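Geometric and topological summary
Chain by chain, the residues run as shown.
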Amino acid sequence: MKRLRHFLTLEDLTVGELNRLLLEAARLKRQRVRQGTALAGRVVALVFQKPSMRTRVAFEVAVLRSGGSVVYLGQDDIRLGEREPVKDVARALSRYVDAIVVRTFGHGDAEAFAAHSRVPVINGLSDAVHPCQALADLFTLQETFGRLAGLPVAYVGDGNNVLHSLAMGAAMSGIHLAVSTPAGYRPDPAQWRAAVRRAAGSGARLAWHAQPAAAVAGARVIYTDVWTSMGQEREAARRRTAFQRWQVNDALLRRAAPGCRVMHCLPAHRGEEITDPVMERARSLIFEQAENRLYVQQALLQFLMRGS
Ligand code: CP
Ligand code: NVA
């Protein structure tokens, strides 16, 4: 019997698997198969503690296009961790369905889910990481630039879940990632160390800069994300003040390489981390990223559920 595989962080894949998954996503995108059969008769549950548009819809459409069906359970449906322990939800739910996508606050809840599930568990975002987003980001960079190794990318903003997965993705694929965050909002030290360790084997370079202009110098892509993530709403005012100088705007773009592209995982707060004109400009890759969630997540589901 095939070993049960989960996808809680990018490191759950080998570099070879990651590369094959990106190739498969490209094939799915080219072929645009709408009535596939790879997941015929299979059911995927989505257990979401936080709101979502892209992750939820991309998974739902990916399953439908693969011939399977979906059960969505929002926080009002099961009140994860309140009504019963996470491990009991995982044990019971995994007897009904063939894979589970979870979106949690604490990353430990996603881990508990996987530890007690009989079927593959996919992390659709936790406070710590957002690995499905990073798959789409790597895919988008590869289809835009052809090659990831040595590509200079800058991330400007909050040292959050999206950055943690982007840094690990960069480390696994040889990207040169320059990061700038306010000093009090640097990436989590354990996440950053893990990415730096991983970078040693791939030729990737990871660097943190105190000044946004230093991070974007020579960058062919600038990536940003919201200053206030889901669950941090009470800190929003303090964060708006702390992050003022980390806005992605025309002045910052002028410090990057000519023709520099812009990325954002969405949802965006225009006027905070990114300006409206920058989002609307042709050099934005933001909606390509959003579209590509579908193909990478379809490839991921088929990979994890194959033969199980
Ligand atoms: N980027 C992303 O995960 O979007 P949603 O929160 O809408 O799923
Ligand atoms: N960092 C954001 C990403 C949303 C997709 C959050 O966690 O809210």
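These remarks concern the structure in this document. Here the structure is a predicted model, which is why all the values come from computation and not from measurement.

The terminal C-alpha atoms of helix α2 (residues 54-65) lie 16 Å apart, and with twelve residues this matches the ideal 16 Å at 1.5 Å per residue to within 8%. Within α2, burial applies to R54, T55, A58, F59, A62, V63 and R65. Axial view of α2: buried residues confined to an arc of 165 degrees, hence all on one face. Looking at the packing, one finds that the buried side of α2 touches β1 (43-48), β2 (69-74), β3 (99-103), β4 (121-123), α6 (131-145) and α13 (286-305). Remark: G67 follows α2 within two positions and exhibits a positive phi of approximately 90 degrees.

On to the nonpolar core, then. F7, I122, L135, L141, L177 and L301 are the most contacted members of the largest nonpolar core, which totals 62 residues. Looking at which element gives the most residues to this core, the answer is α13, with nine residues. Among the nonpolar cores identified, the runner-up in size contains 20 residues, and Y185, F243, C260 and M279 belong to it.

Across the sheet, which stays open at both edges, the four strands sit in the order β2-β1-β3-β4 with parallel pairing between neighbours. With one partner strand each, in any of the chains shown, β2 and β4 form the two edges of the open sheet. Across the sheet, the mean angle separating the axes of adjacent strands is 20 degrees when strand polarity is ignored. Pairing analysis gives six bridges linking β1 to β2, with the strands arranged parallel. Paired with F48 across the two strands is G74, which belongs to β2. Strands in contact with α13 are β1, β3 and β4; relative to β4, the strand with the most contacts, it is inclined by about 150 degrees.

To continue, consider the site of ligand 2. Near ligand 2, the surroundings consist of L125, N160, N161, V162, D225, V226, S229, M230 and L266. Contact distances for ligand 2 include 2.7 Å between a nitrogen atom and a side-chain N or O atom of D225. Here ligand 2 has 270 Å² of accessible area as a free molecule, and 95% of this is covered by the chains. Of the pockets mapped on this structure, ligand 2 occupies the largest pocket. Looking at the shell around ligand 2 residue by residue, the class counts come to five nonpolar, three polar and one charged.

So, on to the site of ligand 1. Near ligand 1, the surroundings consist of S52, M53, R54, T55, R103, H130, Q133, C265, L266 and R293. In this structure, an oxygen atom belonging to ligand 1 sits 2.9 Å away from a side-chain N or O atom of R103. Residue H130 places a side-chain N or O atom 2.8 Å away from an oxygen atom belonging to ligand 1. In the complex, 95% of the free accessible area of ligand 1, which totals 250 Å², lies under the protein chains. Placement of ligand 1 is best described as lying within the largest pocket. Among the residues making up the shell around ligand 1, the classes are represented as three nonpolar, four polar and three charged.

In an α-helix there are 3.6 residues to a turn, and that puts residues three or four apart on one side. Residues of helix α5 (residues 107-115) that are buried include every one of H107, A110, F113 and A114, and no others. The arc that holds every buried residue of α5, seen down its axis, measures 115 degrees, which confines them to one face.

Next up on the list: the packing of helix α1 (residues 15-31) against α13. Geometry of a packed helix pair, given as the angle between the helix axes and the separation of the axes. Direction vectors running N to C along α1 and α13 enclose 120 degrees, while the axes themselves pass 8 Å from each other. Regarding the angle of α1 to α13, the classification is oblique. With respect to the hand of their crossing, α1 and α13 are arranged in right-handed fashion. Mapping the contact onto sequence places E17, L21, E24, A25, L28 and K29 in α1 and E291, N292, Y295, V296, Q298, A299, L300, Q302 and F303 in α13. Within the contact of α1 with α13, the residues separate by chemical class into eight nonpolar, three polar and four charged.

Counting buried positions over the five residues of β3 gives five, a clear majority of the element. Of the two faces of β3, the one carrying A99, V101 and R103 and the one carrying I100 and V102 are both buried. In terms of strand pairing, β1 meets β3 through five bridges, oriented parallel. Its bridge partner being in β3, V47 is matched across the sheet by V102. Sheet topology places β3 next to β4; three bridges connect them, and they run parallel. The residue of β4 that forms the bridge with V101 is I122. The handedness of the β3 to β4 crossover, carried by α5, is right-handed.

Quick notes on the rules
Residues numbered from 1 in each chain as written. Chains lettered and ligands numbered in written order. Predicted model: local features only at pLDDT ≥ 70, side-chain atom pairs only at ≥ 80, totals over all residues. Heavy atoms only, no water. Helix = DSSP H or I, 4+ residues; strand = E, 2+ residues; numbered from the N terminus. Expected span 1.5 Å × (residues − 1). Buried < 20%, exposed > 50% of the residue type's maximum accessible area, 1.4 Å probe, protein only. Arc of directions from axis to C-beta. Contact = heavy atoms within 4.5 Å. Core = buried A, V, L, I, M, F, W, Y, C linked by side-chain atoms within 4.5 Å. Pairing = 2+ DSSP bridges. Axes fitted to C-alpha atoms, helices over the stretch in contact; angles between N-to-C directions. Near = heavy atom within 4 Å. Polar contact = N/O pair within 3.5 Å; in protein donor to acceptor, adjacent residues only side chain to side chain. Areas by Shrake-Rupley, 256 points an atom, 1.4 Å probe, with all protein chains shown as cover. 1 Å grid on protein atoms, 1.4 Å probe; cavity = no way out; pocket = protein on both sides within 12 Å on 5 of 7 lines; lining within 4 Å. Sits in = over half its atoms within 2 Å of the grid points. Nonpolar A, V, L, I, M, F, W, Y, C, P; charged D, E, K, R; others polar. Parallel < 35°, antiparallel > 145°, perpendicular 65-115°, else oblique. Left-handed = near helix turned anticlockwise from the far one by under 90°. Right-handed = clockwise from strand over helix to strand, strands pointing away.

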